[in-house]
Amino acid sequence: MKRWLSLSLFVSVVAGSAQISPPAPSDAQLLAGARTFFGTYLAAHQAKDAGRVAALYHDAARIIVTRQSAANGSRTLEFSGVQYKKLLLSVPLTEAPDRYLNPAYRVLGDGAVQITSQRQSMSRGYTAPHVLFLRADAAGRFWIMAEQAIQKVP
């Protein structure tokens, strides 16, 4: 009886674990999801809704911002997703929303999607490269896992 119970338990665990991981999304599905996600990202920025923007970043995200200044040169700031979300929520989004020009989407070999665009700062009058790296979780929800941006400051 114990052997039968052990065998039944083993078979149910093995069968259950085989069903846990859904098939990996296709490149077309990843690109479609990334386009939809980027639309959500843009809408949150246009609405100046820091809470909605912050909710798009994964806690484990890595954000790297290079600030360029004629007076002080260049310096790089790096934040975790948790730190960046706190920063977003502590500073009101009062400036004119940025525009993101010519977005290009690329599926990376590990299932991540890279979105490259030119971010045009409407309030500071410059255009600079901007890159987001997205990944979908097991439920299919996309998260910003990394971001690289340049800011030009007076």
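1. Concerning the environment of Gln46
With respect to the helices and strands, the residue Gln46 is situated in helix H2 (residues 27-46). Residue class for Gln46 comes out partly exposed when judged on its relative accessible area of 48%. Expressed as a C-alpha distance, the spacing of Gln46 and Arg99, which sit 53 residues apart in the sequence, is 8.9 Å. Beyond its immediate sequence surroundings of up to four residues, Gln46 is in contact with Pro97 and Asp98.

2. Some details on the sheet that holds strand E5 (residues 126-136)
Spatially, the 6 strands line up as an open sheet ordered E2-E1-E6-E5-E4-E3, and their pairing is mixed. Each edge of the sheet is formed by a strand with only one pairing partner; in this case those strands are strand E2 (73-80) and strand E3 (99-107). For this sheet, the mean inter-axis angle between neighbouring strands, taken without regard to orientation, is 15 degrees. Where E3 and strand E4 (residues 113-121) come together, 7 bridges link them in antiparallel fashion. Within E4, the position partnered with Tyr105 by the bridge is Ile115. The strands that H2 touches are strand E1 (57-69), E3, E4, E5 and strand E6 (142-153); relative to E3, the one it contacts most, it runs at about 160 degrees. Sheet strands touched by helix H4 (residues 81-90): E1, E2 and E6. Its angle to E1, the strand with the most contacts, is close to 70 degrees.

3. Looking at H2
Given 3.6 residues per turn, any residue in an α-helix points the same way as the ones three and four places further on. Between the first and last C-alpha of H2 there are 28 Å, a value that for 20 residues agrees with the 28 Å anticipated at 1.5 Å per step. Considered for burial, the residues of H2 that qualify are Leu30, Gly33, Ala34, Phe37, Phe38, Tyr41 and Ala44. Down the axis of H2, the sector holding all buried residues measures 140 degrees, keeping them to one side. Facing away from the buried side of H2, by more than 90 degrees, are the exposed residues Ala28 and Thr36. Those residues of H2 hidden inside the fold are in contact with helix H3 (50-54), E1, E3, E4, E5 and E6.

Cut-offs and rules
Residues numbered from 1 in each chain as written. Predicted model: local features only at pLDDT ≥ 70, side-chain atom pairs only at ≥ 80, totals over all residues. Heavy atoms only, no water. Helix = DSSP H or I, 4+ residues; strand = E, 2+ residues; numbered from the N terminus. Buried < 20%, exposed > 50% of the residue type's maximum accessible area, 1.4 Å probe, protein only. Contact = heavy atoms within 4.5 Å. Pairing = 2+ DSSP bridges. Axes fitted to C-alpha atoms, helices over the stretch in contact; angles between N-to-C directions. Expected span 1.5 Å × (residues − 1). Arc of directions from axis to C-beta.

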